[in-house]
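# Results of the structural survey
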Amino acid sequence: MKNLLLLTSLIFGTISTLQAQEQGDSRLHVLGQYGMRMEEPGIGVGWEYFFAPQFGLVPSFTQIFPAIGRASNFSADLRYYLSQGKSQVYVVSGYSLTTENPQPTTAGTRRNLNGANVGVGAVVPINSWVGISSEFKFQSQGIQQTYFRFGLQFPIGK
């Protein structure tokens, strides 16, 4: 019972700090990523800018850690927020460029793969200066992998 009371107060405390994003707002994202098909972890950063009501533009860079070699990903995504209340749920679509080098010591083994991103995600503010974000995103290039991304977002003033 004590845990249920604590959880309820945490949820209502979170709800009271939520606010809708407005045009001109921006957020910094720090995230971890996990490739569901090839089981590749990664870490990254992104910046989200709200250029219109319910629309955010998010360029992000992720360093991927494959079992062999090196890889990185740059994505430029457009987010459309379906809700702006308790949990800010969105759909995402965009462009992705993945650079892979399975043999870093051998010349000519680097390749660039570009394609599209589609996915869904949510942002849940914890308080006025930090929130939790999660996302499932499918990338069409290369091995056509779905990624789970989880991290923190920090609102930046106008």
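Quick caveat: nothing in here was measured; it's all calculated off a predicted structure.

What counts and what doesn't
Residues numbered from 1 in each chain as written. Predicted model: local features only at pLDDT ≥ 70, side-chain atom pairs only at ≥ 80, totals over all residues. Heavy atoms only, no water. Helix = DSSP H or I, 4+ residues; strand = E, 2+ residues; numbered from the N terminus. Contact = heavy atoms within 4.5 Å. Areas by Shrake-Rupley, 256 points an atom, 1.4 Å probe, with all protein chains shown as cover. Pairing = 2+ DSSP bridges. Axes fitted to C-alpha atoms, helices over the stretch in contact; angles between N-to-C directions. Patch = residues over 30% accessible without salt bridge, like charges linked within 9 Å, V, L, I, M, F, W, Y side chains within 5 Å. Salt bridge = Lys/Arg side-chain N within 4 Å of Asp/Glu carboxyl O. Buried < 20%, exposed > 50% of the residue type's maximum accessible area, 1.4 Å probe, protein only. Phe/Tyr/Trp six-rings, centres within 6.5 Å; stacked < 30°, edge-to-face > 60°.

The next point concerns the overall build of the protein chain. When its secondary structure is counted, the protein chain shows one helix and eight strands. Sequence separation of at least 24 residues holds for 48% of the intrachain contacts in the protein chain that already meet a minimum separation of 6. When the accessible surface of the protein chain is split by element, carbon and sulfur atoms take 66% of a total near 9,100 Å².

The sheet built from eight strands closes into a barrel, its strands ordered 1-2-3-4-5-6-7-8 with antiparallel pairing. For this sheet, the mean angle separating the axes of adjacent strands, direction not counted, is 25 degrees. Note that strand 1 (residues 26–35) and strand 8 (residues 145–156) share 10 bridges and pair antiparallel. Paired with Gly 35 across the strands is Tyr 147, a residue of strand 8.

Let us now look at a nonpolar patch on the surface. A cluster of nonpolar side chains, contributed by Leu 28, Val 30, Val 45, Trp 47, Tyr 49, Phe 51, Leu 57, Phe 61, Phe 74, Leu 78, Tyr 95 and Ile 156, occupies part of the molecular surface with about 1,000 Å² of accessible area. Elements with a contribution of two residues or more to the nonpolar patch: strand 1, strand 2 (41–52), strand 3 (55–64) and strand 4 (70–81). At four residues, strand 2 tops the list of elements feeding residues into the nonpolar patch. By the element assignment, Val 45 lies in strand 2. Residue class for Val 45 comes out partly exposed when judged on its relative accessible area of 45%.

Another point: the side chain of Gln 153. Considering the arrangement of structural elements, one finds Gln 153 in strand 8. The class of Gln 153 is buried, set by a relative accessible area of 1%. What Gln 153 contacts, discounting residues up to four positions off in sequence, is Arg 27, Leu 28, His 29, Val 123, Pro 125, Trp 129, Val 130 and Gly 131.

A word on the environment of Gly 131. Its place among the elements puts Gly 131 in strand 7 (residues 131–139). On the basis of relative accessibility, which here comes to 0%, the residue Gly 131 falls in the buried class. Apart from the residues within four sequence positions on either side, Gly 131 is in contact with Val 124, Pro 125, Ile 126, Gly 151, Leu 152 and Gln 153.

As defined by bridge partners, strand 1 adjoins strand 2 across nine bridges and the pair is classed as antiparallel. Across the sheet, residue Gly 32 finds its bridge partner in strand 2, namely Ile 43. Connecting strand 1 to the next strand, strand 2, in antiparallel fashion are five residues, including Glu 39 with a positive phi near 55 degrees. Inspection of the sheet shows strand 2 paired to strand 3 by eight bridges, in the antiparallel sense. Among the inter-strand pairings, Phe 50 is bridged to a residue of strand 3, identified as Gly 56. Counting the residues between successive antiparallel strands, the hairpin from strand 2 to strand 3 contains two residues, one of them, Gln 54, with a positive phi of roughly 70 degrees.

Let us now look at the packing of aromatic side chains. Considering all chains together, one arrives at seven aromatic pairs under this definition. Taken together, a centroid distance of 5.5 Å and an interplanar angle of 40 degrees make the contact between Phe 50 and Tyr 81 tilted. With Phe 50 in strand 2 and Tyr 81 in strand 4, this pair connects stretches of sequence that are 31 residues apart. For Phe 50, a relative accessible area of 1% corresponds to the buried category. An aromatic cluster is defined as three or more aromatic residues linked by ring pairs; in this entry it consists of Phe 50, Tyr 81 and Tyr 90.

As paired elements, strand 4 and strand 5 (residues 88–101) share 12 bridges and run antiparallel to each other. Note on strand 5: the bridge partner recorded for Tyr 81 is Tyr 90. Linking two consecutive strands that pair antiparallel, namely strand 4 and strand 5, is a turn of six residues. Note that strand 5 and strand 6 (residues 111–125) share 13 bridges and pair antiparallel.

By themselves these figures say nothing about function.
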